[in-house]
Amino acid sequence: MNDGEHPSRFETLAVSHGEEPTPGEPQVGDVVSPIHLASTFALPGLDTEMSLEDIDPDEGEFVYSRLSNPTRHALEKRLAALEGGKHAFAFSSGTAAIASVVLSVVRPGDHIVAFDDLYAGTRRMFETLFASRLDVDVSFVDASQTENVADAVTDDTSMVWMETPTNPRMKMCDIAAIAEVADDAGAVFGVDNTFMSPYFQNPLDLGADVVAHSTTKYLNGHSDSVGGAVVMNDDELADELTFIQQIGLGDMLSPFDSYLLMRGIKTLPLRMRQHEANATVIAEYLEEHDLVETVFYPGLESHPQHDLASEQMHGYGGVLSFELAGELEDAKAFLEALEEFTLAVSLGGVESLIELPAGMTHEPVPKEEREALGITDTLVRVSVGIEHIDDLIDDLDRGFDVLAERLAVTA
């Protein structure tokens, strides 16, 4: 990405942007931004004419870490640059980031249109918090067809919320087309870009108003920090979100987690390229396997939205899912036979993780709703890591050997 305001290319921005020496600080030559653990900062004097809105972190001015912290501020500058936005906010989790955006936009009586295949935690938040407790109407639609989004929009629609690709079926929506629908409705359009990271997809460039990330995943990349972020260009929305984050909820990323996230981002381009390379090999291997019913990976030509993926993304990512032959207990045996793939929720770390959505991430979703979304009892989701590809394939062979023995006995 090269957007004029940030003339450096993506790899350069990922390594150093935001870590320039801060005006007013001692110039000690830190190559990386130090961890500022201070909760409060000394003022040079008492200016009774100055309000909190006049404090400028870009000029080295800080008052209280809930409002702004030098380490978090450096991180937010980098996040904004990577997504091609003006404003970025770092939160304590991805869920907190999304909830804060919605609270910044939606009021009781408003309407939200959302993808029906959202991350289960986001969908549950929309249903149990905003719909059930805050009097917000939410319509879940199959947004892989843009007309479904357009048909769901009403005069009360204030927000359209999408993920692309979705979790775990890797369904996609046309960001640019839905941006036009949201714009015509006067609704704020948000996109959860966690699965692709800003390296492979930039929703703001395609017309989205807000981009969200669970920074726990690819941005951090090392499974050792929980966080979230949102990026935007709109000044008015940024002001509202500043109030929600700093004053209303007081939710922000800690200095230490901000440091970890900046450290992780430095290798984001290298990691994403390796994630994709490994995922492509595994997806092709699975597609040819007799004990696999279907593979869901945008990089495969068999994916029903492969052309859209190639058009709006710069790569296909490191997450895929596939349906095994057999039943729930067969899938369980397959997963438990693996040694290189770790059975765990989450994704985006350097290590390969594998899970069964029906029994793990999407277990809270009622079975009939899961099945309507195509989340069967044998659907397996994989976050492909950066290990040697031959070790990963050997491990899958081990699991399939166990599965084949079970299915032979029951045949």
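Treat the numbers as computed from the prediction; the structure is a model and nothing was measured.

What follows deals with the overall build of the protein. Within the protein one finds 14 helices and 12 strands. Since a compact globule built from 411 residues should have a radius of gyration of about 22 Å, the 22 Å found for the protein is in line with a globular shape. Taking the principal axes of its C-alpha atoms as reference, the protein extends roughly 80 × 50 × 35 Å. Residues counted as buried form 55% of the 411 residues belonging to the protein. Looking at the protein alone, contacts between residues at least 24 apart form 74% of all its contacts between residues at least 6 apart. Element-wise, carbon and sulfur atoms account for 50% of the exposed surface of the protein, whose accessible area totals about 17400 Å². Averaging the locations of the 23 positively and 75 negatively charged side chains of the protein gives two centres separated by 5 Å.

Turning our attention to the nonpolar core. Membership of the largest hydrophobic core comes to 70 residues, with the highest contact counts inside it found for I282, L286, L320, F322, F334 and F400. Excluding residues within four positions of it along the chain, I282 makes contact with L320, F341, V384, I389, L392, I393 and L396. Counting 46 residues, the second largest nonpolar core, distinct from the first, contains V106, I178, V191 and L241.

As a further point, take the sheet that holds strand β12 (residues 379-383). If you walk across this open sheet you meet the 5 strands as β8-β9-β12-β11-β10, and the pairing is mixed. The strands lining the two open edges of the sheet, one partner per strand, are β8 (292-296) and β10 (342-343). Across 5 bridges, strand β9 (residues 319-324) lies against β12 in antiparallel orientation. The partner of V319 across the bridge, within β12, is S383.

Moving on: the pattern of salt bridges. The tally for this structure, following the rule as stated, stands at 18 salt bridges. In this structure, D235 engages K86 in a salt bridge whose closest nitrogen and oxygen atoms are separated by 2.9 Å. Separated by 149 residues along the polypeptide, D235 in helix α8 (residues 235-249) and K86 in the loop between α2 (70-83) and β1 (87-91) bring together distant segments of the chain. Among the residues examined, D235 registers a relative accessible area of 39% and is labelled partly exposed. In this structure, D116 engages K171 in a salt bridge whose closest nitrogen and oxygen atoms are separated by 3.9 Å. One end of the pair, D116, is in the loop between β2 (111-115) and α4 (120-131); the other, K171, is in the loop between β4 (157-163) and α6 (175-185), with 55 residues separating them in the sequence. With respect to burial, D116 and K171 carry one shared label: buried.

Put simply, the second largest pocket is a space of about 400 Å³. Around the second largest pocket, the lining comprises 25 residues; the ones closest to its centre are Y119, N167, S214, K217 and L347. Elements supplying a minimum of two residues to the lining of the second largest pocket: α3 (94-105) and α4. Broken down by element, the lining of the second largest pocket gets its largest block of residues, 4 residues, from α4. Considering only residue class, the lining of the second largest pocket consists of 9 nonpolar, 11 polar and 5 charged.

Moving on to the pairing of β9. β9 sits mainly inside the fold: 6 of its 6 residues count as buried. Bridge count for β8 against β9 is 4 bridges, and the pairing is antiparallel. Bridge pairing links F296 to S321 in β9.

This paragraph deals with empty space enclosed by the protein. One pass over the structure, following the stated rule, counts 1 cavity of 30 Å³ or more. The calculated volume of the largest cavity comes to roughly 40 Å³. As for the largest cavity, its lining consists of D116, L118, A120, R123, H362, V365, E369 and L373. Residue composition of the lining of the largest cavity, grouped by class: 4 nonpolar, 1 polar and 3 charged.

The next subject is the sheet that holds strand β3 (residues 137-141). An order of β1-β7-β6-β5-β4-β2-β3 is seen for the 7 strands of this open sheet, with the pairing classed as mixed. The open sheet has two edge strands, β1 and β3, and neither has a second partner. Direction aside, the axes of adjacent strands within the sheet are offset by 20° on average. Pairing between strand β5 (residues 188-192) and strand β6 (residues 210-214): 3 bridges, direction parallel. By the bridge assignment for β6, V191 is matched with V211. Here α6 sits on the sheet in contact with β4 and β5, set at roughly 150° to β5.

Definitions and limits used
- Each residue is numbered by its place in its chain's sequence as written, counting from 1.
- Reporting of local features is limited, given that this is a predicted model, to residues whose pLDDT is at least 70; pairs of side-chain atoms are given and counted only at 80 or more, and all residues count toward the totals for whole chains, interfaces and linings.
- Side-chain descriptors were evaluated using all non-hydrogen atoms of the structure, hydrogens and water having been removed beforehand.
- Each helix is a run of H or I in the DSSP string that is no shorter than four residues. Each strand is a run of E no shorter than two, and both are numbered from the N terminus.
- Values of the radius of gyration come from C-alpha atoms, whereas the globule rule sets the reference at 2.2 Å times the count of residues to the power 0.38.
- Exposure classes here rest on a 1.4 Å probe applied to the protein chains alone. A residue is buried below 20% of its type maximum, exposed above 50%, and partly exposed in between.
- A contact between two residues is defined here by any heavy atoms of the two lying within 4.5 Å.
- With residues, only the protein chains shown are counted as cover, and all accessible areas are computed by Shrake-Rupley using a 1.4 Å probe.
- The convention is simple: Lys and Arg are positive, Asp and Glu are negative, and His and the chain ends are not counted.
- Note on charges: their place is set at NZ of Lys, CZ of Arg, CG of Asp or CD of Glu.
- Nonpolar cores are built from buried Ala, Val, Leu, Ile, Met, Phe, Trp, Tyr and Cys residues. Side-chain atoms within 4.5 Å join them into one set.
- Strands are treated as partners if at least two bridges between them are detected by DSSP.
- By convention in these notes, a salt bridge is any Lys or Arg side-chain nitrogen within 4 Å of a carboxyl oxygen on Asp or Glu.
- Cavities and pockets are found on a 1 Å grid laid over the protein atoms alone: a cavity is a set of points where a 1.4 Å probe fits but cannot escape, a pocket is an open set with protein on both sides within 12 Å along at least five of seven lines, and a lining residue has an atom within 4 Å of such a point.
- Grid points are joined across faces, edges and corners, and a volume is the space filled by probe spheres set on the points.
- Polar here means any residue other than Ala, Val, Leu, Ile, Met, Phe, Trp, Tyr, Cys and Pro, which are nonpolar, and Asp, Glu, Lys and Arg, which are charged; Gly is therefore polar.
- What counts as an axis is a line fitted to C-alpha atoms, over the stretch in contact for a helix, and the angles between N-to-C directions run from 0 to 180 degrees.

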